[in-house]
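# Residue-level structure breakdown
One letter stands for each residue in the lines below.
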Amino acid sequence: MRWRSWNAGEEKGNMAEKKNLKIDETLRKLADDTWKANTRTSSSTEDLASTTLGLPGDPDCPQCHGLGYLRLDVPLGHPEFGKVHVCSCRQEQVSQQVRQRLFELSHLDELGELTFDNFEPRGHVGMWPRQADSLEYAFNDSRRFAQNLEGWLVLQGGYGCGKTHLAAAIANFAVNLGVPTLFITVPDLLDALRFAYNDPQATFEERFDQIRQAPLLILDDFGTQNATAWAQEKLFQIVNFRYINKLPLVVTTNLSEKDIEERIQSRLNHPDLVTVVKILASDYRNPSGDHGYHELSSLHLFPGKTFANFDLRKDENLSNEETRSLEKALLAAQKFADNPKGWLILLGTYGSGKTHLAAAIGNDVAGTSYPPLFIAVPDLLDHLRATFSPNSNVTLDRRFEEIRHTALLILDDLGTQATTPWAKEKLYQLFNYRYNAELPTVITSSVSLEEMDPRLRSRMLDRRLCEIFAITAPPFTGMSETKPSSPGRRKHK
C-alpha cells in the first residue's frame, strides 16, 4: 500500500473521486494562501523558515510537502478510500497532543501525588493479617501491570481500601513513560460522552473514539454510575472494543462479580486476559474506627470473649455430665479455631456458654487471619429485609451473596427468628449453599434439633461435615452455688 500526498492523484471520472480532488484543491489552496501571506512579510531566509511552520507538517517532508496529512492511494470502494491520515512527519506532535488531551480529561494533575512510592503495601497499623496480605498482593500486581501494560487488571474492594490510589499510581507511572493514558471515573466518563453531543470542540464520535482507543484506559469507581440502558450500552461498547483489540484496561469497583452487567462480566472473567484482585483492607480514612469487621458483624461487641477466660464453672455444683459437656465444647471450639473446617454446632440453654465459645472462635481466627462474619440469625434476616427499602444502597442479591460466600460464618441464636415462610426459605438457601460448598460454619442454638426445620436438620446431622456438641449445664449466673443439702439437689441463689 502506497501513501499519496494531497497534491498527488488524478481525475478518475466519477463523483466520489471528484469530491476528493475538490477537497485536495481546497486544502492545497489554503496551504498556498497561508504560505503566500506569510512570505509577504518575511524578509530573510530565517523568517521564511519560521513562517512555513504555519503548516502543520514538516515543509521538507517528501510525502506531504508540509501539509501534514495524507490519503492512501487505494481504489474506489476500499475502506480507506478518501480517509485522511496523519503524515509520519508530525506523528510525534499528534501523539503529544493526544497525550495532553487525555491527561486533561483525566485530571491526573490532581492525583499526581498518588504513586507506588508513597503507597503502604501492608496498610495501616492494626490491620488483620489477611487484610494486609490482600493489599500487598494488589500492590504487587498493580506494579507488575504498570511495568508491562498487558492484559486487564480488576481491583475489587470496599471504600477506602486503596483501589483508586493503586489505579492512579499505574496511570502516573505510565504517563511518566510517555504512554497516553486516560484515568477517569465511570460517572465522569459518561458525563463527558453526554456533553460531547453539544461540544463545539469535538463530536460525540471523536470523544467516544478517544476514550475507547486510549492506549491505556483506567476506569475508576465502576458501578457507581447511573445504570441507564444508554450508559450500560456505552460501557459495554468501550469494554468490548478493548476486549476484541486486547488493549490494556484497569477497572476498580466495589461491586461483586454478580452485580456487574452480564456482558461486561463475561469479558472480565476471561482467565487469560484478566487478573482480578480482591482487596480486603478496611477504610484507610478511618483506621481508628474501623477494625476490619464486616459491616454486619457484631463480633466487635465481644472483644473479651476468649478461650482463656471461658469459665468451666468449677466453683458451681455442676454434675459430672454438665462439667464434661462444657469441657468437650471448649476443646471442640479450640480445635475448630485452629483449623476452621466443616460445621461446628453448639446446642444448649440460654446462658450456657454457647455464644462465648462462638465469639472466642471468631476472635481467635481474626487474630491470625481475617475477622469472620459473626451475626445473630434474627439480625441477619433484618439486614436482608432492609434491602427492600428504597433508601437501601445494596440489593438483596448482593447482601445475600456476601453472607453465604463469607469465609467463616458464625450464626448465633438459630431458632429465635420469626418463622415466616420467607425467613425459612432464606435460611434454607443459606444453609444449603454452605453445606454443598462445605464452607466453615459455626451455629449456636437453644432449641433442640427436633424443633428445627427438617431441611436444616438434615444438613446438620451429616456427620461427614458437622460436629454437634450439647452443653447440658444450666444458665451461668456468675454466682457460685452452695453444697446441696441432700444428694442430687442444688440450691440456686
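I will try to describe carefully the structure that is included in this document. (Residues numbered from 1 in each chain as written. Predicted model: local features only at pLDDT ≥ 70, side-chain atom pairs only at ≥ 80, totals over all residues. Heavy atoms only, no water.)

### Observations concerning the overall build of the protein
To keep it simple, the criterion reads: Working definition: helices are DSSP H or I runs of at least four residues, strands are E runs of at least two. Numbering for both runs from the N terminus. Contact criterion: two residues are considered in contact whenever any of their non-hydrogen atoms come within 4.5 Å of each other.
Looking only at helices and strands, the protein has 15 helices and 13 strands in total. Considering only residue pairs separated by 6 or more positions, the protein has 75% of its internal contacts joining residues 24 or more positions apart.

### Observations regarding unusual backbone geometry
Notably, Asp221 is not glycine yet its phi reads approximately 60 degrees, a positive angle. Located in the positive-phi region is Lys246, a residue other than glycine, with phi close to 55 degrees. Position of Lys246 relative to the elements: it lies in the loop between helix H8 (229-244) and strand S7 (249-253).

### Re the packing of aromatic side chains
Definition in use: Side-chain rings of Phe, Tyr and Trp, where Trp is taken by its six-membered ring, are said to pair if the distance between their centres is within 6.5 Å; with planes under 30 degrees apart they count as stacked, over 60 as edge-to-face, and otherwise as tilted. In this scheme, a residue with accessible area under 20% of its type's maximum is buried, one over 50% is exposed, and one in between is partly exposed, where area comes from a 1.4 Å probe on protein chains only.
Under the defined criterion, the tally for this structure stands at ten aromatic pairs. Between Trp152 and Tyr243 the ring centres are 6.1 Å apart and the planes differ by 70 degrees, which places this aromatic pair in the edge-to-face class. Of this pair, Trp152 sits in strand S4 (residues 152-157) while Tyr243 sits in helix H8; the two residues are 91 residues apart in sequence, bridging distant segments of the chain. Classification of Tyr243 as partly exposed rests on a relative accessible area of 21%.

### Remarks on the sheet that holds strand S13 (residues 466-471)
For clarity, the cut-off: Criterion used throughout: strands pair if DSSP finds at least two bridges between them. Axes here refer to lines fitted to C-alpha atoms; in helices the fit is confined to the stretch in contact. Angles between the N-to-C directions go from 0 to 180 degrees.
Ordered by their spatial adjacency, five strands build an open sheet running S10-S11-S12-S9-S13, and the pairing between neighbours is parallel. Edge positions in the sheet fall to strand S10 (373-376) and S13, since each has one partner strand and no second. Ignoring strand direction, the axes of neighbouring strands in this sheet form an average angle of 15 degrees. Sheet strands touched by helix H12 (residues 377-386): S10 and strand S11 (409-414). Its angle to S10, the strand with the most contacts, is close to 95 degrees.

### Some remarks on the sheet that holds S4
An order of S5-S6-S7-S4-S8 is seen for the five strands of this open sheet, with the pairing classed as parallel. Both edges of this open sheet fall to strand S5 (181-185) and strand S8 (274-279), since each of them pairs with a single strand only. The mean inter-strand angle of the sheet, taken between neighbouring strand axes irrespective of direction, is 10 degrees. Note that S5 and strand S6 (residues 216-222) share five bridges and pair parallel. Paired with Leu182 across the bridge in S6 is Leu217. On the sheet, helix H6 (residues 186-196) packs against S5 and S6 and is oriented at approximately 105 degrees with respect to S5. Each of S4, S6 and S7 touches H8; the most contacted strand, S6, lies at about 140 degrees to it.

### Things to note about the pairing of S10
Residue alternation in S10 divides its side chains into two sets, Leu373 and Ile375 and Phe374 and Ala376, and both sets are buried. In terms of strand pairing, S10 meets S11 through four bridges, oriented parallel. Its bridge partner being in S11, Ile375 is matched across the sheet by Leu411.

### Focus: the pairing of S7
With five of five residues buried, S7 lies mostly within the body of the structure. Side chains Leu249, Val251 and Thr253 of S7 all project onto a buried face; the interleaved residues Val250 and Thr252 project onto the opposite face, where all are buried too. Pairing geometry for S4 and S7, over five bridges, is parallel. Note on S7: the bridge partner recorded for Leu155 is Thr252. Note: S6 against S7, four bridges, orientation parallel. From the neighbouring strand, Leu219 faces S7, where its bridge partner is Val251.

### A short note on H6
The condition that has to hold: An arc is given here, and it is the one of the directions from the helix axis to the C-beta atoms.
For H6, the complete set of buried residues consists of Val186, Leu189, Leu190, Ala192, Leu193 and Ala196. The buried residues of H6 all sit within an arc of 155 degrees when viewed along its axis, so they share a single face.

### Section: H12
Among the residues making up H12, those that are buried are Val377, Leu380, Leu381 and Leu384. One side of H12 carries all its buried residues, which in axial view fall inside an arc of 95 degrees. Turning to H12, the residues buried within the fold contact S10, helix H13 (396-405), S11 and helix H14 (421-437).

### Overview of the side chain of Asn363
Tracing the sequence through the fold places Asn363 in helix H11 (residues 354-368). Residue classification places Asn363 among the buried positions, given a relative accessible area of 18%. The contact partners of Asn363, leaving out residues within four places of it in the chain, are Tyr293, Leu299, Phe302, Pro303 and Lys305.

### Re the packing of H12 against H14
We count it as follows: When describing relative orientation, an angle under 35 degrees is termed roughly parallel and one over 145 degrees roughly antiparallel, while 65 to 115 degrees is termed roughly perpendicular and anything else oblique. Residue polarity follows a fixed list, in which Ala, Val, Leu, Ile, Met, Phe, Trp, Tyr, Cys and Pro are nonpolar, Asp, Glu, Lys and Arg are charged, and the others, Gly among them, are polar.
Where H12 meets H14, the axes come as close as 11 Å, and the angle between the chain directions of the two elements is 105 degrees. Considered as vectors, H12 and H14 are oriented roughly perpendicular to each other. Residues Val377, Leu380, Leu381, Leu384 and Arg385 of H12 form the contact with H14, whose participating residues are Trp422, Ala423, Lys426, Leu427 and Leu430. The residue makeup of the contact of H12 with H14, split by class, is eight nonpolar, no polar and two charged.

### Brief notes about the environment of Thr164
Formally: Polar contact is defined as a pair of N or O atoms within 3.5 Å, subject to the rule that within protein one atom must be able to donate a hydrogen and the other to accept it, and that residues adjacent in sequence are counted only when both atoms are side-chain atoms.
Along the chain, the position of Thr164 falls in helix H5 (residues 163-176). Relative accessible area serves as the criterion here: at 28%, Thr164 is assigned to the partly exposed category. Remark: the alpha-carbon pair of Thr164 and Thr253, spanning 89 residues in sequence, is separated by 9.3 Å. Only 3.0 Å separates the side chain of Thr164 from the side chain of Asp220, close enough to count as a polar contact.

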